[in-house]
Amino acid sequence: MSAHHIGSYVAIVQYEIRITGHLNPRWAAWFDGLSLTRAEDGTTVIRGQIVDQAALHGVLKKLRDIGVPLISVTQLRSEGE
Amino acid sequence: MANPLVATKLYIPSPRPNLVVRRRLHERLSTAADAKLVLVSAPAGFGKTTLVTGWLGALADDGAAVAWLSLDDRDNDPGLFWLYVLASLQVAVPGLGAAARTLLESANAPTEDVLTTLVNELHNAKQDVAVVLDDLHVIESKDVHDGLAYLLENLPKRARLVITSRSDPPLPLARLRARGELVEIRAADLRFNAEEAAEYLNGAMALELTAADIATLETRTEGWIAALQLAALSLQGREEAATFIAGFAGDDRFIVDYLAGEVLQRQPESVRRFLLQTSVLGRMRGSLCDTVTGATGGKAALESLDRQNLFVIPLDDRREWYRYHHLFADVLRARLLDEDPDAPVELHRRASIWYADNGEPSEAIRHALAAGDFARAAALAELAMPAMRRGRQDATIREWAQLFPADIVRIRPVLAVGLVGGFMAAGEFERVEAQLHEAEKWLALTPEDRDAAGMIVVDDAQLRALPGAIEMYRAGLALLRGDSAATVTHARRVLAIAPDDDELGRASAHALLGLAAWSEGDLDSAFSEYTRSIAGMRHIGHIADILGESIAMADIRVAQGRLRDAQRRYEQGLQLVADHGAGPLRGTADMHVGLAEILRERDDREGAAEHLRRAQRLELFGTRQYPYRSRAVLAGLRLAEGDVAGCLALLEEAERVYDTDFSPAVRPVGARRARTHVLMGDIHEARAWVRERGLSTDDELRYVTEFEHITLVIILINDQPRERELRQVSALLDRLLAAADAGSRGSSVIEILAVQALAFDARGETASALDALRRATALAEPEGYVRVFTFLGSRLQELREGLATGVARPRSQQAGLVDPLSERELDVLRLLRSELGGPEIARELTVSLHTVRSHTKSIYTKLGVNSRREAVRRADELGF
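The structure displayed is predicted, hence computed values, not measured ones.

*Asks:* Give me the lowdown on the overall build of chain A, citing residues and values where you can.
*Replies:* Across its full length, chain A carries 1 helix and 4 strands. Counted from the first residue to the last, chain A has its helices and strands arranged as β-β-β-α-β. Across the 81 residues that make up chain A, the buried fraction comes to 22%.

*Asks:* Run through the overall build of chain B, naming residues and quoting values.
*Replies:* A count of helices and strands for chain B gives 47 helices and 7 strands. For chain B, the proportion of its 880 residues judged to be buried stands at 49%. For chain B, the share of sequence-separated contacts (at least 6 apart) that also reach a separation of at least 24 residues comes to 67%.

*Asks:* Tell me about the pairing of strand β3 (residues 43-50) of chain A, and please be specific about residues and values.
*Replies:* Residues and elements named next belong to chain A. Looking at chain direction, strand β1 (residues 13-20) and β3 are connected through 8 bridges and run antiparallel. The partner of Y15 across the bridge, within β3, is G48. Two strands pair when backbone bridges link them, and strand β2 (residues 35-38) and β3 are joined in this way by 4 bridges, in the antiparallel orientation. Within β3, the position partnered with L36 by the bridge is I46. As consecutive antiparallel partners, β2 and β3 are separated by 4 residues, and within that stretch G42 has a phi angle of approximately 85°, a positive value.

*Asks:* Account for the confidence of the model for chain A, with residues named and values stated.
*Replies:* Residues with a pLDDT of 70 or more make up 79% of chain A, whose mean pLDDT is 81. The model gives residues 1-9 of chain A a pLDDT under 50, and that stretch makes 6 contacts with residues more than four places away or in other chains.

*Asks:* Just give me the short version of the pairing of strand β3 (residues 129-134) of chain B, but keep the residues and values in it.
*Replies:* Residues and elements named next belong to chain B. The buried fraction of β3 amounts to 6 of the 6 residues, a majority that puts the element mostly inside the structure. Alternating residues of β3 divide into V129, V131 and L133 and A130, V132 and D134, and every residue in both groups is buried. Note: strand β2 (residues 65-70) against β3, 6 bridges, orientation parallel. Each bridged residue has a counterpart across the sheet, and for A65 the counterpart in β3 is V129. Viewed along the sheet, the connection from β3 through helix α6 (residues 142-153) into strand β4 (residues 159-165) turns out right-handed.

*Asks:* Got a sec to walk through the interface of chain B and chain A? Specific residues and values, please.
*Replies:* Taken together, the contacts link 23 residues of chain B with 14 residues of chain A. Of all the secondary-structure elements, those providing two or more residues to the side of chain B that touches chain A are α13 (255-265) and α17 (326-339) of chain B. With 9 residues, α17 of chain B is the single largest residue contributor to the side of chain B that touches chain A.

*Asks:* If you had to explain the packing of helix α33 (residues 605-617) of chain B against helix α34 (residues 626-640) of chain B to someone new, which residues and values would you point to?
*Replies:* Two numbers describe a pair of packed helices, the interaxial angle and the distance between the axes. Residues and elements named next belong to chain B. In contact at an axis separation of 11 Å, α33 and α34 are set at 150° when each is read in the N-to-C sense. By the criterion of interaxial angle, the relationship of α33 to α34 is roughly antiparallel. For the crossing formed where α33 meets α34, the hand is left-handed. The residues of α34 that touch α33, namely those facing R605, A608, A609, L612 and A615, are S630, V633, L634, L637 and A640.

*Asks:* I'd like a description of the sheet that holds β4 of chain B, backed by residues and values.
*Replies:* Residues and elements named next belong to chain B. Taken in spatial order, the 5 strands make up an open sheet running β2-β3-β4-β1-β5, and their pairing is parallel. Single-partner strands in this sheet number two, and they are β2 and β5 (182-186). Shown here is a sheet whose adjacent strand axes are inclined to one another by a mean of 15°, direction ignored. Pairing of β3 with β4 involves 5 bridges; the strand directions are parallel. When the bridges of β4 are listed, V131 appears paired with L161.

*Asks:* Go over the environment of A301 of chain B with me, naming the residues and quoting the values.
*Replies:* All names here are of chain B. Mapped onto the fold, A301 is located in helix α16 (residues 298-308). Owing to 22 C-beta atoms within 10 Å, A301 belongs among the buried residues under this scheme. Excluding residues within four positions of it along the chain, A301 makes contact with F274 and C289.

*Asks:* So what about the confidence of the model for chain B? Which residues, and what values?
*Replies:* Residue and element names in this part refer to chain B. On average, residues of chain B score 88 in pLDDT, and 96% of them reach the 70 mark or higher. The secondary-structure element of chain B with the lowest mean pLDDT is helix α47 (residues 868-878), recorded at 77, while helix α15 (residues 286-293) shows the highest, at 97. Overall, residues 812-816 carries pLDDT values under 50, and its contacts beyond four positions in sequence, including any with other chains, amount to 1 contact. Two summary scores accompany this predicted model of the complex, namely pTM at 0.65 and ipTM at 0.77.

*Asks:* Can you lay out unusual backbone geometry for me, pointing to particular residues and giving the numbers?
*Replies:* Residues and elements named next belong to chain B. The backbone of S744 shows a phi angle near 55°, a positive value even though the residue is not glycine. Secondary-structure assignment places S744 in the loop between α39 (723-742) and α40 (746-762). By C-beta crowding, S744 is classed as partly exposed, having 19 other C-beta atoms within 10 Å. One non-glycine residue, T846, lies in the positive phi region at around 45°. Tracing the sequence through the fold places T846 in the loop between α45 (838-845) and α46 (849-863). Exposure remark for T846: the 7 C-beta atoms within 10 Å place this residue in the exposed category.

*Asks:* Lay out the environment of V633 of chain B with the relevant residues and their values.
*Replies:* Residue and element names in this part refer to chain B. With respect to the helices, strands and loops of the structure, V633 is situated in helix α34. By C-beta crowding, V633 is classed as buried, having 27 other C-beta atoms within 10 Å. Apart from the residues lying within four places of it in its own chain, the contact partners of V633 are V593, A596, E597, R600 and L612.

*Asks:* Run through helix α31 (residues 563-580) of chain B, naming residues and quoting values.
*Replies:* All names here are of chain B. An ideal rise of 1.5 Å per residue puts 26 Å on 18 residues; α31 measures up with 26 Å between its terminal C-alpha atoms. Of all the residues in α31, the buried ones are L563, A566, Q567, R569, Y570, G573, L574 and V577. All buried residues of α31 project into a common sector of 165° when viewed along the axis, lining one side. Turned more than 90 degrees off the buried face of α31, the exposed positions are R564, Q575, A578 and D579. On its buried face, α31 sits against α30 (543-559) and α32 (588-601).

Cut-offs and rules
- Residues numbered from 1 in each chain as written.
- Chains lettered and ligands numbered in written order.
- Predicted model: local features only at pLDDT ≥ 70, side-chain atom pairs only at ≥ 80, totals over all residues.
- Helix = DSSP H or I, 4+ residues; strand = E, 2+ residues; numbered from the N terminus.
- Buried ≥ 20, exposed ≤ 12 C-beta atoms within 10 Å, placed from the backbone.
- Contact = placed C-beta atoms within 7 Å.
- Pairing = 2+ DSSP bridges.
- pLDDT = per-residue confidence, 0-100.
- Right-handed = clockwise from strand over helix to strand, strands pointing away.
- Axes fitted to C-alpha atoms, helices over the stretch in contact; angles between N-to-C directions.
- Parallel < 35°, antiparallel > 145°, perpendicular 65-115°, else oblique.
- Left-handed = near helix turned anticlockwise from the far one by under 90°.
- Expected span 1.5 Å × (residues − 1).
- Arc of directions from axis to C-beta.

This is the structure we're talking about:
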């Protein structure tokens, strides 16, 4: 489910997830439209609005299921603040 | 049944012929003889399942039976999860787990009971048993994890769990590790080392790579087996292996993604399309693939993938069902979504049609939901609902309840009420109320208005039963609120409107009416309602309900003063369990406690103690009442043995675990404790209880406070009452007696009469006292009551002797004690006369120092003294 289904009353938070290896941008749809950016250092940054903790864990589970090594998860800022 | 078991989930994957034998890991595993749990925990594609299947041969050689269960996310429903576990056991060892399964499927029994029975069965198994749970990471349900933890904790020596998972399961791993009961194989262990990589690439795959190439591949993949497999597939038939290897070795791309792309690119377009389209399926077979792809030749396509080793895994011996390797499936699905974002909707819709046509509604619903086709999913769910309810798949119903949008449910009253069961199980009572209300609004409309407003019902039979179902849920809600009157109203309506063939509904309604009548003290009605309920439950084979209601009926007989009949009923309950043949069931321990209580009342201490010992051995099979009831009975036994301190300690424990499990709380532990304080002469404590409960002689009387009011009277009579208080006591006793008589509550009548005798006696009305006592004795003797009298102190004993001999001494200006010293206290008193100190006295009596102190304190209280010397002097005065 993408963010616009939830409505504006939920504080939607930006996350940045860094993984090892370059993940092809074609995976964006698989990760519900999060953006995939390849970094110089051989990592990939997955970035975007994630509506809540359940959704965040959903993304992490998808990463686990394809065997991508996870480096970090960072919360960026709350939207509309 | 809505969910026939999918046999492929129980199939042990056969080891691949071109397998690298993991000798070093098999050795680790074979040292695991004492391990309760073998945990293979690593990311996707590390060869977890392959390792376990490879090792099973060795296990089987040692004579162990292997039960296999491949999990998927539907198994988050605890009912379904355990059903599959039991089914897998039965495949491994015919008959093993059968009793637990009977319990799970027919008896409406809680998971804990099922597991307890399973533990018993495993305990009696003739051989070692290994239960493999493959892909446990898909399980997120806390209930399932709790059940697994319970099973692990109680697992008999000859059984073990083998778990593969992508993440460590929330089980007490540290504890198992510390006890040496855990063997772990993790990612670092599973990675192919250089030797194994060579064996695989050049041996199994016959690629003829140089040592340098193998080293490069091993380094780049870090021994990740799935990546090595993809690399091998990409390299097959390639001329320039070294160039290809060098190409991706110096590259940062996510290796599986990159290699899967290579493999896909090398397939013919038709195969590529087949792979992408069928990736939406959790399992595949030829005809299902044909329906989904809209083409033919699905069976041949699957067989061809199987031959080429293209990440399909056969799920049965006949090679009918397959699935993709999970990691590869994700890669395919992600590509499909990227290339054609709308495609999955139509593919899922087609899969839903196939499953509906092939008798698997829950899969059909799943795919319809995945397709976003809620109307279709709703229609399927509505039709599947009765079977889901019978199969106790509350968690699945709850999941549906969350997945269906409100506007879909709103216009489907049958579905809405069906989903209520899920909300009830989840404790979301406000939603229950709201859904029932909505459904009722539909029922109030004329058929024309229903159509006009767009009501949708696909199952007319359920629509006819809907009013009864709604009332039953209302009755349940009222019971949870503690609203007895509303429970009765709704339960009566169920009986008025539920169709005759709704036996569970009708039997449940009778049980609720029985419970309500019991709570109001109308024991005759309660008994006859339970009788009807049990007849219905017997007819549909709900043994757990039969047992629970048998306990209630025996308890009611006790309250009616019919100890012999109650005893017979507890014994019949035990017989029923024995006949059922599934081992002990929940409630078995309670039956023994009930028997112990009756024997205790008859002062058969040995017999009572024996039943308590049996109950204790079966305490896993106790109801929620068991913890407090068993302690309360044991407290009564201690008291009969003169161990007042022990009695009080047990009553305090009983109070902490007090839970009557919806039965009326008619003999609260606090009142029993207050009575014991009276016996000890500790009126101050007893009075404190009266204040705390806010009891007075003018209170309005209700059955649930009857025992407390009798306790109040006992306290008042023992606290040097004046004439005015005695009048109040007598008035209260008259009212209590009238109420107990009206409700046929024989047990209460006996006790009230005995207390009344004391009250008359205290007012000097000896003849009336004897009359009351005579009546009490007439009721009590045929049933064998003893303790109810002895519990009331020495003066009552004198009166009873008077009744027997025809000579009753009038009440003396009791120089003696309100309450006599117990045998144990007399022992202590005897030693207090000696020179022995506390510890020596304790040794002499083989009790703890603490117990001696308690007895001493009790003796001081009863004798009204403050020191050992005074106690000895006072005892001399009293002629002890």
